[in-house]
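Descriptive structure summary
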Amino acid sequence: MTALAQVGYVARRSVLRTARQPANIIFPFVFPTALLAVTSAGLSPATKIPGFPSKSFLAFFLAFPFIQGALFATMNAGTDLARDIQSGFLNRLALTPLRGGALIVGQLGGIAVLAFVQNCYYLTVGLIAGVRLESGIVGGIVLIILATGVAIAFGALGAFFALRTGSGEAVQGLFPLLFVGLFLSSMNLPRNLIEQDWFRTVATFNPISYLIEGLRSLIITGWDGEALVLAFGVAAVLAAAAMILANWALRLRLTRT
Amino acid sequence: MMRRDFWYVAFAVAWRVLHNVFTTPALFLPGMIFPLFFFTAFAGGLSRVSSIPGFDFPNGYTAFQFVFVLLQSAAFGGVFTGFGIARDFEYGFARRLLLAAPRRSGLVAGYALAAAGRWAATATILTIVAFAVGMQVGGNGVNLIALYGLALIVNLAGTLWASGIAMRLRTVQAGPIMQLPVFLTLFFAPVYVPLALLNGWLHSVASVNPATPLLEAGRSLITGQTDHVSVAFPVAIGLAVGLSIWAWRGLRSAERAAL
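Just so it is clear, the structure is predicted and the values come from calculations on it, not from any experiment.

Summing up its helical and strand segments, chain B has 10 helices and 0 strands in all. Helices (α) and strands (β) of chain B occur, in sequence order from the N terminus, as α-α-α-α-α-α-α-α-α-α. Reported as C-alpha extents along the three principal axes, the dimensions of chain B are approximately 60 × 35 × 35 Å. Pairs at least 24 apart in sequence give 81% of the contacts found in chain B among residues at least 6 apart.

As structure tokens, this is what we get:
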């Protein structure tokens, strides 16, 4: 069997497995859109702050569900992989000709498919609510590609944690950490409008700020080369680093077994 | 004799829950960290919101958000206690409690006492952090006692709501059903700006949301005023009384299922 076919089988299993767990489907769809509705309505007066970059807080905040959805996809994938380890499924896979790389790439392929569906949904919700993309239809496609890339990067991180710890609870414990990272970013206000120096510094060093700002630029600015290069760059570096770590963790785990 | 039985059961349950919570970091830390994290993210990251025209809260955005986070921590202190009740039912411990307790209503009272004790620790840390980052308080001692008293009633209401769910469904999988309505009720109130600055559908929802007078009264008390207090306390007490009936009926449901 070719490596590509192996990746396809693992990806198919990953998608089907998630689809069979309603809780894993409902939360990534409902929770980010509920927070989008509540926060964009509650903070809509913030558009009156001098220098605020958009007349619509909904448009400004629409980048948020893409990142939060990526976090959910990560947790689901990481938890599923950890369950494979806990149930001994990975040990049985180790006896087959399946390549380690194919396992990780296949798992991430499953995340990519789910993230793509989620991202199309978030964009549709935004468009129905009245958001118009400043970057046009092509911008919408780039937005989906970037958001899916972010989900793959986070997914690789989840896979690394799952392989390193072998525990679903440990992977779930990563979620609050990433959620804190999301809130300590430029999620609610542009960095130049954050008043507290320490918060602005944290947001500037926080890579999630650049992912959000890249997505946001396509919605409210148009084509902002710097924001896009930074967002794609951060996603690529994060994905590459997490993939290397996940491969290393997989090798260690298979050696142990 | 019956009254003594009631308190005997209540204190025993409260002691057990508090002991479990304070000796298990995985149970204690989320309830402690999440309010601090929300306070940091809102008061720190959104302070510029106070410069919106028409935003006239005299004690600054930190105090404005402190009241929301205090009430949120109170409500979620009750919800987190509900998770423990559900866990007790799932693992069969609650069934043994039902058999052993001479006055079963003391069980609910015990969980409520534990939730209050647990929230007292969170509120203390939150208050220390808020003062450490320079929160300005305009109210006197009586205003602050009223503010924390209001939050305590919210804590009781949160516990009664969550225990009613936990005793009816008797599984930890009921967690989202306990959390989501509380979360949405709180966030459908004027969280980031005063009610007058909200517009659209959120203004309409917030105007009839029972959490709104609680939040407005709390913010009024921290500035030393008493606006909305005459509405907030009856609303809070009404919620607690209504939810105590809900919890009591939940207890009866659990008794029917267990005995």
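With that settled, consider the interface of chain A and chain B. With 19 residues of chain A at the contact, the number on the chain B side is 21 residues. Of all elements in the fold, only α2 (22–42) and α8 (168–183) of chain A reach the threshold of two or more residues within the side of chain A that touches chain B. With 3 residues, the top contributor of residues to the side of chain A that touches chain B is α2(A). Counted by class, the side of chain A that touches chain B contains 13 nonpolar, 4 polar and 2 charged residues.

Quick look at unusual backbone geometry now. All names here are of chain B. Non-glycine residue arginine 170 carries a positive phi angle of around 55°. In this fold, arginine 170 is placed in the loop between α6 (141–169) and α7 (175–187). A tally of 22 C-beta atoms within 10 Å means that arginine 170 is categorised as buried.

This brings us to the environment of B:Ser47. Here B:Ser47 is to be found in the loop between α2 (25–45) and α3 (60–90). Residues B:Ser47 and B:Phe64, spaced 17 residues apart in sequence, show a C-alpha to C-alpha distance of 9.7 Å.

Below, the discussion takes up the nonpolar core. As a rule of thumb, soluble globular proteins bury nonpolar side chains together. Ranked by internal contacts, the top residues of the largest apolar core, which has 165 residues, are A:Ile67 and A:Ala156. No other element matches the 17 residues that α3(B) contributes to this core.

Structural remark: α-helix, 3.6 residues per turn; residues separated by three or four positions point the same way. Residue and element names in this part refer to chain A. For helix α10 (residues 207–221), built from 15 residues, the straight-helix expectation of 21 Å at 1.5 Å per residue is met to within 8% by its first-to-last C-alpha distance of 20 Å. Maximal helix bending in α10 amounts to about 25°, located at leucine 215. Most of α10 is tucked away, with 13 of its 15 residues classed as buried. Among the residues trailing α10, glycine 222 stands out with phi positive, at a value near 120°.

What follows deals with the packing of helix α5 (residues 105–132) of chain B against α6(B). All names here are of chain B. Relative to each other, α5 and α6 sit at 135°, their axes nearing to 9 Å. Between α5 and α6, the crossing angle belongs to the class labelled oblique. The hand of the α5/α6 crossing is right-handed. Residue-level inspection shows Val108, Tyr111, Ala112, Ala115, Ala116, Trp119 and Ala123 of α5 in contact with α6, the latter providing Tyr148, Ala151, Leu152, Asn155, Leu156, Thr159, Leu160 and Ser163. Looking at the contact of α5 with α6, its residues break down into 12 nonpolar, 3 polar and no charged.

How two helices pack is summed up by the angle between their axes together with the distance between the axes. Residue and element names in this part refer to chain B. Running from N to C, α2 and α3 cross one another at 155°; their axes reach a closest spacing of 9 Å. Our classification of the angle between α2 and α3 gives roughly antiparallel. Between α2 and α3 lies a crossing of right-handed hand. Of α3, the residues touching α2 (which contributes Gly31, Pro35, Phe38, Phe39, Phe42 and Ala43) are Tyr61, Thr62, Gln65, Phe66, Val69, Gln72, Ser73, Phe76, Gly77 and Phe80. In terms of residue class, the contact of α2 with α3 is built from 10 nonpolar, 6 polar and no charged.

With that settled, the discussion passes to the environment of B:Ala189. Residue and element names in this part refer to chain B. Turning to its location among the elements, alanine 189 is positioned in the loop between α7 and α8 (201–208). Residues alanine 189 and asparagine 20, spaced 169 residues apart in sequence, show a C-alpha to C-alpha distance of 33 Å. Residues contacting alanine 189, with those up to four places away along its chain left out, are Ala206, Asn209, Ala211, Thr212 and Leu215.

Basis of the calculations
- Residues numbered from 1 in each chain as written.
- Chains lettered and ligands numbered in written order.
- Predicted model: local features only at pLDDT ≥ 70, side-chain atom pairs only at ≥ 80, totals over all residues.
- Helix = DSSP H or I, 4+ residues; strand = E, 2+ residues; numbered from the N terminus.
- Contact = placed C-beta atoms within 7 Å.
- Nonpolar A, V, L, I, M, F, W, Y, C, P; charged D, E, K, R; others polar.
- Buried ≥ 20, exposed ≤ 12 C-beta atoms within 10 Å, placed from the backbone.
- Core = buried A, V, L, I, M, F, W, Y, C linked by C-beta atoms within 7 Å.
- Expected span 1.5 Å × (residues − 1).
- Bend = angle between axes of the 7 residues up to and from the residue.
- Axes fitted to C-alpha atoms, helices over the stretch in contact; angles between N-to-C directions.
- Parallel < 35°, antiparallel > 145°, perpendicular 65-115°, else oblique.
- Left-handed = near helix turned anticlockwise from the far one by under 90°.

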